[in-house]
Amino acid sequence: MASPGIVGFVGLDILSLEMAASLIRSGYQVKAFEKSETLINEFVNLGGSKRGSLVEAGKDALAVVLFLSHADQIDDLILGNEDALKGLQKDAVFILHSTLTPSYIQKLEKFFTDECKTAYFVDAYVTMGVSESLNEKIMITSSGRSDAIARAQPVLSAMCEKLYIFEGEVGAGRKVAMVNGLLEGIHLVAAMEAISLCAKAGLHPWIIYDIISNAAGNSWVFKNLVPQFLMGITKHQYLNMSVQRVGAVLDQAKSVTFPHPLLAVAHQQLILGSSNSSGDDGDSLIKVWGRALGVNILDAVNAETYNPEQLASQIVAHSNTVQRIGFIGLGAMGFGMATHLLKSNYAVLGYDVYKPTLARFVDAGGLIGNSPAEVSKDVHVLIVMVTNEAQAENALYGDHGAISALPSGASIILSSTVSPGFVKQLEGRLQNEGKNLKLVDAPVSGGVKRASLGTLTIMASGTDEALKSTGLVLSELSEKLYVIKGGCGAASVVKMVNQLLAGVHIASGAEAMAFGARLGLNTRTLFDIITHSGGTSWMFENRVPHMLDNDYTPYSALDIFVKDLGIVSRECSSRGLSLLVSTVAHQLFLLGSAGGWGRQDDAGVVRVYETLTGVKVEGKLPVVKKDAVLESLPAEWPVDPIDDIQRLNQNNSKTLVVLDDDPTGTQTVHDIEVLTEWTVQSLIEQFKKAPKCFFILTNSRSLSSEKAIALIKDICQNLNNAATAVNNADYTVVLRGDSTLRGHFPEEADAAVSVLGEMDAWIICPFFLQGGRYTIGDIHYVADSDKLVPAGETEFAKDASFGYKSSNLREWVEEKTNGRIPASSVASISIQLLRKGGPDAVCEHLCSLPKGSTCIVNAASERDMAVFAAGMIKAEMKGKSFLCRTAASFVSACVGIVRKAPILPKDLGINKERNGGLIVVGSYVPKTTKQVEELKLQCGQNLRNIEVSVAKLAMGSTEERAKEITRAAEMADVFLRSRKDTLIMTSRELITGKTSAESLEINFKVSSALVEIVRQITTKPRYILAKGGITSSDIATKALEVKCAKIVGQAMAGVPLWKLGPESRHPGVPYIVFPGNVGDSKAVAELVQSWARPTRLLSAKELLLSAEVGGYAIGAFNVYNLEGVQAVVTAAEEVQSPAILQIHPGALTQGGIPLVASCIAAADQATVPITVHFDHGTSKQDLVEALELGFDSVMVDGSHLSFRENISYTKFISLLASTKGTLVEAELGRLSGTEDDLTVEDYEARLTDVNQAQEFIDETGIDSLAVCIGNVHGKYPPCGPNLRLDLLKDLHALCSKKGVFLVLHGASGLPKELIKECIERGVRKFNVNTEVRKAFMDSLGTPQKDLVHVMENAKEAMKAVIAEKMHLFGSAGKA
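Residues numbered from 1 in each chain as written. Predicted model: local features only at pLDDT ≥ 70, side-chain atom pairs only at ≥ 80, totals over all residues. Heavy atoms only, no water.

Asks: In this structure, what is going on with unusual backbone geometry? I would like to understand it.
Replies: With an omega of 10°, the peptide bond running from Phe745 to Pro746 counts as cis. Turning to its location among the elements, Pro746 is positioned in the loop between strand E22 (731-736) and helix H31 (747-756). For Asn345, which is not glycine, the phi torsion reads 70° and is therefore positive. Relative to the elements of secondary structure, Asn345 occurs in the loop between helix H15 (332-343) and strand E10 (347-351). Using a relative accessible area of 72% as the deciding quantity, one classes Asn345 as exposed. Although it is not a glycine, Gln1136 sits at a positive phi angle of roughly 55°. Along the chain, Gln1136 turns up in the loop between helix H44 (1122-1135) and strand E38 (1139-1143). (Helix = DSSP H or I, 4+ residues; strand = E, 2+ residues; numbered from the N terminus. Buried < 20%, exposed > 50% of the residue type's maximum accessible area, 1.4 Å probe, protein only.)

Structure below.
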């Protein structure tokens, strides 16, 4: 393989070596100049070549990578060296890999472009990724002019695993580094404050670390640096470096006038720590920090430790059984916890101040009380899950409070986030009640979904007796249960420390993103980079997307952190501990609450920065250039997995059952059945066939959420029953949804799981190549011409029923689940993994997911999709189970379907059908409206349009609605029978309801009206095209009564084609399902044009070619009037033969244009192939006129001319005819006899010469040759015909080589045996005139009562002769 080029390195570091190695693996030649022997030797060992100077390193290189750590190097190497840039390619690009400031990078770019005339210069911020997907892999953030970036991109992509681009001003990479440094600095101080607080509270730092590193308070800094801190590995010098890094960020902030309250106080804390160093090089950071804050962290670290999870297991093993549970506080978390206990067969009495919640709890099977006291009577355990200390106080000791009603010996689980001091005080008060009431301090973490699933993280503390009395309940509610020693309040300390970190991480995320916006960075891209960098945290990844979307729907209210960080401040005050970063974070949340945003999402703290500085963090995902994005991706996996998938499927007994929420999901498959009913018996029949796949059309997208849920449950239950009946058939369910993310998610997935059981993972995969849907970097895009538009910015995201905001699929999952599944918990299969790891890497990744995960799939090509499918099938064969929510491409990949060409009408044999096609349009997306306008514009002449009023259908009276339906159906019947393609469309005004439910109801009325119109149409259409998912489903199931159809293939890319089943109203009719979101504005018009009934079933040339292949001849019958035309066509249709209507110049003179028009019309309307031929054109004027009149073929008769004159004459017409696609027949030789008053005497006749024939064909370019082999016009002499069959054989041999068809005039009167011998020797067209004309004349001798009877009698006489000839020529049955 040829090398893509040379790349030079000037200066090396550890990262440069990784970059160079990646280039070498990609086939580049790499050379370097570096003074360090160690580095250059390692470089050479990688396969690079050593150079002695910058000039040598850059010579002939298409790119030069400069590693410069400080400005002095630039002065020495470049600015002070006039020859430094000599020998470079003129179009070489400079890639600056450095730690210089943005302003200095910009200065350097100016030098290169202005002084050195270097056209291309970009900077590159190079780091090692720290995320799971990019751990220890090279990431590059590059910026520069668009032309420079385009030039550098192939090299940049080859050097790294992940490339980020900022087009425009250079220096963006260093700006990103500063934002990341801001976060790392704040997170470092926050981590130190958290450890100091837990040590001051008497908790073991390692226990806190183990819990929080798996909780919402985690960050990369906490996870990776705290262990080194606690072990004393990190020395005090680290503080000095941190002071410098943070100071540089603050300096940059001053230059752009941006306040950094958190970073500034973190900087001061770092300075304070640094100032407490003893000066001893061995002084550890843990000692220095302890001295600075007056906390002996080291003693806390060295204290005896224990395992909180093991302690919890021991307590649960010896816990008491609980029968009745009281539950106070049925908010989002509390309701989930309480209903999970119900599902676990506990008797639960619930109370909440919000009455509708109590009604929901009753519906879920719970008991309720009207006060805390009522739900506390006779319970063994009371759980309190309220918002704050005041609410807890009121629930327990207020009017009708719980304490007065609790029985002696009962236990209270306090799961609210309150201060440790409050818990300790409460425990004392309970002891004074004299009822032996026990208290467990048990704050929880994990969110709404985990609450409902019983998979929370719970920290619990209290006496052993209290813990044993509640252990089984706590275990039932949790996936991770930690018992914290230290008595009541200890667990709340853990929760308090977690909230300290979580709150600081949200606030620092806001400060970082606002700073990034001030620096001019694209905040979406910035966020993506940080998630793979050291500045990330759980809260950053979870909350910043809300800031980017400017969506503050309260998953967790801002006021909660006003409360929680207030708890931290009070505890620090009471313990004499100064924690400045958490205090400033508290003030920021207070500012947000004072600004009126307290009840909104806590991510709204970013508004404090936006209000103060005027920046906007909201980051609309950019519209990107499709080609540039696709070219920036790694090369596809080199092996096509389709063969492997087919082989795996042979060994995998699973059937793929696709529940399709509208019929468009069949748009990538063929030779698969689709069911529109799901009775157990019909499903049993499917499973008995052991198919690899079948579809069930649910049409659930047209239903309300409640109906869709019930439907999916019903289908899944029937699938289970049917599978059980067929030897426990194994299957995987795919919920095929819209590739633009519309539909009932997660409702349908939840419904399926409720019947089928929990899956190892939900797979989300909306990639659909034919529709231009790509998922790249977790962002789902919709292609628009040469651009990729984030899905959340398209018209589809504004859908009245299924709208959404997020384009990032992780965030989309969180949005659609209302926060139940946080974006940060959603796994992802990256394109990098697909293209570099292949199916085995996919399998390994899927097998490693925790049970119940949600995983999105990136894909930018069908190869990507196939790689994922192969990996998923391998995981299934290892016992993993998946529920898939996907677009259409996933299905074909999983089945291993090889794409085939679009199906055309001729492939289905419907060209002979007379009636028009029926096109029904109900979709309202703007794309459909544009497509309908283009359809009417392009096909208006042959298309009949029936527009039905949406206002009458959806808003009018019953009578108005019925009249509109009847009118449309009657008009459609008339048009279809008139052989016109007919468009039935709803008027384009979009009428929506006030709610999504009302909008769905209006859609239903319109859709049901279209169904009724189609039901009332009695004419069988040649084909049916339904536009829009809901429309096509309803038409198929309700109007056409389809129960099972065969998916034949696609009518065009992304447009499914079904063949209707025998049970339907129109068996065998092609049914085209045209999705509302597929194709450009011309797509529908182009498809309708390609499916239009052809003017001619076959062209003149195709007619003769079929005869040549089939070894038969076609009769060309002279016609003079309408009766003759009808006789030929009727005979042809009755015996199913092709035929040619032939007009002689004499007939044209008499019949004129009406005769020609009647022939053309008859040929157009015939159900068998008919063409129209102009015979014996002996003048240029006649032939030119014939070409203009629209004849399919003409005969240029120059037989009366000399050989050279005949060539010239014929060639002239042949050239004209070629521009119109008209077949040309010519005559060589001359027949004797009389035809239509033209007489050729015997002495003028001459046979065709073979040698002349070759020259004639070569020079004229004709298609057919009429030959003279002894044949005559008119009647043969009494002695009979004398044909030279040997000459005919030679002529056929010549014509076959030249692709020219043989024609024989004078067939009237030839014996049948002789006709057959001529056909065997290659004659493909016989002219027939005399016998048909005689039949006409003879019929006139029979008296008739009326002229009509004369015409009918003449027609029947001619038809009999014509049919006989067709049988003789062998063309009967060949139509």
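Asks: How do you make sense of the packing of aromatic side chains when you look at a structure like this?
Replies: How two aromatic rings sit relative to each other is given by the distance of their centres and the angle of their planes. Enumeration according to the criterion identifies 19 aromatic pairs in this entry. Through pairs of rings, three or more aromatic residues link up here, namely Trp206, Tyr209 and Phe222. The ring of Tyr306 is capped by Lys485, whose NZ or CZ atom sits 4.8 Å from the centre of that ring. (Phe/Tyr/Trp six-rings, centres within 6.5 Å; stacked < 30°, edge-to-face > 60°. Lys NZ or Arg CZ within 6 Å of the ring centre and 35° of its normal.)

Asks: Help me understand helix H45 (residues 1145-1165) in this model?
Replies: Along an α-helix, residues three or four apart share an orientation, since each turn contains 3.6 residues. Taking 1.5 Å as the rise per residue, H45 with 21 residues should run 30 Å; its terminal C-alpha atoms sit only 24 Å apart, a clear shortfall. At Gly1151, H45 is deflected by roughly 105°, the largest bend along its length, and proline Pro1154 occurs up to four residues later in sequence. All buried positions along H45 are accounted for by Pro1145, Ala1147, Leu1148, Gly1152, Leu1155, Val1156, Cys1159, Ile1160, Ala1162, Ala1163 and Asp1164. Contact partners of the buried residues in H45: H44, E38, strand E39 (1170-1177) and helix H46 (1180-1189). (Expected span 1.5 Å × (residues − 1). Bend = angle between axes of the 7 residues up to and from the residue. Contact = heavy atoms within 4.5 Å.)

Asks: What is the right way to read the confidence of the model for the protein from this model?
Replies: For residues with low pLDDT, the predicted coordinates do not support detailed interpretation. Averaged over all residues, the pLDDT of the protein is 90; the fraction at 70 or higher stands at 95%. Of all secondary-structure elements in the protein, the lowest mean pLDDT belongs to strand E43 (residues 1238-1240), at 46, while strand E12 (residues 381-384) reaches the highest, 98. Here residues 1234-1240 is modelled with pLDDT under 50, and outside its nearest four sequence neighbours on either side it reaches 22 contacts, counting other chains as well. (pLDDT = per-residue confidence, 0-100.)

Asks: How should I be thinking about the sheet that holds strand E11 (residues 367-368) in this particular structure?
Replies: Whether parallel or antiparallel, the strands of a sheet pair through hydrogen bonds between backbone atoms. Strand order in this open sheet of 6 strands is E11-E10-E9-E12-E13-E14, and the pairing throughout is parallel. Every other strand in the sheet has two partners, leaving E11 and strand E14 (438-441) as the edge strands with one partner each. Of the pairings in the sheet, the one linking strand E9 (residues 324-328) to E12 comprises 4 bridges and is parallel in character. Note on E12: the bridge partner recorded for Gly326 is Leu382. Relative to the sheet, helix H16 (residues 355-363) contacts E10 and E11, its axis offset from that of E10 by approximately 165°. (Pairing = 2+ DSSP bridges. Axes fitted to C-alpha atoms, helices over the stretch in contact; angles between N-to-C directions.)

Asks: Just checking my understanding: could you explain the pairing of strand E21 (residues 693-697) for this structure?
Replies: Every regular strand shows the same layout, with side chains that alternate between the two sheet faces. Counting buried positions along E21 yields 5 of 5 residues, so the element is predominantly enclosed. Here strand E19 (residues 655-660) runs beside E21; their pairing, made up of 5 bridges, is parallel. Paired with Val657 across the two strands is Phe694, which belongs to E21. Relative to E21, strand E20 (residues 672-675) runs parallel, the two sharing 2 bridges. The partner of Leu675 across the bridge, within E21, is Ile696.

Asks: Could you clarify how one ought to interpret the nonpolar core in this entry?
Replies: Looking at soluble globular proteins, one finds that nonpolar side chains tend to be buried together. Judged by nonpolar contacts, the single largest core of 112 residues is most densely connected at Leu197, Phe229, Leu262, Ile484, Phe515 and Phe589. Residues in contact with Phe589, not counting those within four places in the same chain, are Gly503, Ile506, Ala507, Leu558, Phe561, Val562, Leu565, Asp602 and Val605. (Core = buried A, V, L, I, M, F, W, Y, C linked by side-chain atoms within 4.5 Å.)

Asks: Sorry if this is basic, but what is going on with the pattern of salt bridges here?
Replies: Two side chains carrying opposite charge are able to pair once their charged atoms lie near each other. Taken as a whole and assessed by the stated rule, the structure comprises 52 salt bridges. A salt bridge links Glu389 to Arg570; the shortest N-O distance between them is 3.6 Å. Taken together, the residues span a long stretch of sequence, with Glu389 in helix H17 (residues 389-397) and Arg570 in helix H24 (residues 558-575) at a distance of 181 residues. For Arg570, a relative accessible area of 44% gives the class partly exposed. The residue Glu959 makes a salt bridge to Lys963 at a minimum N-O spacing of 3.5 Å. Of the two residues, Glu959 and Lys963 are both situated in helix H39 (residues 958-977); the distance of 4 residues between them amounts to about one turn of the helix. Residues participating in the shared-partner salt-bridge network are Asp660, Asp661, Asp662, Arg701, Arg736, Glu748 and Arg885. (Salt bridge = Lys/Arg side-chain N within 4 Å of Asp/Glu carboxyl O.)

Asks: Sorry, what's going on with H39 here?
Replies: Taking 1.5 Å as the rise per residue, H39 with 20 residues should run 28 Å; its terminal C-alpha atoms sit 29 Å apart, in good agreement. The set of residues buried in H39 consists of Glu964, Ile965, Ala968, Ala969, Ala972, Asp973, Phe975 and Leu976. A positive backbone phi angle near 65° is found at Arg979, which sits one or two residues after H39.

Asks: Would you explain the sheet that holds strand E5 (residues 93-98) in this entry?
Replies: Reading across the sheet, the 8 strands line up as E3-E2-E1-E4-E5-E6-E7-E8 and stay open at both edges, with mixed pairing between neighbours. The open sheet has two free edges, formed respectively by strand E3 (49-50) and strand E8 (162-167), since each of these has just one partner strand. Of the pairings in the sheet, the one linking strand E1 (residues 6-10) to strand E4 (residues 63-68) comprises 4 bridges and is parallel in character. Bridged to Val7 within E4 is Ala63.

Asks: Just to check I follow, could you spell out the packing of helix H8 (residues 205-212) against helix H9 (residues 220-230) for this structure?
Replies: When two helices pack together, their arrangement is captured by the angle between the axes and the distance separating the axes. In the contact formed by H8 and H9, the axes pass within 11 Å of each other and the chain directions differ by 165°. The orientation of H8 relative to H9 falls into the category roughly antiparallel. As for how H8 packs across H9, the hand of that crossing is left-handed. Residue-level contacts link Pro205, Trp206, Tyr209 and Ile212 of H8 to Phe222, Lys223, Val226, Pro227 and Leu230 of H9. (Parallel < 35°, antiparallel > 145°, perpendicular 65-115°, else oblique. Left-handed = near helix turned anticlockwise from the far one by under 90°.)

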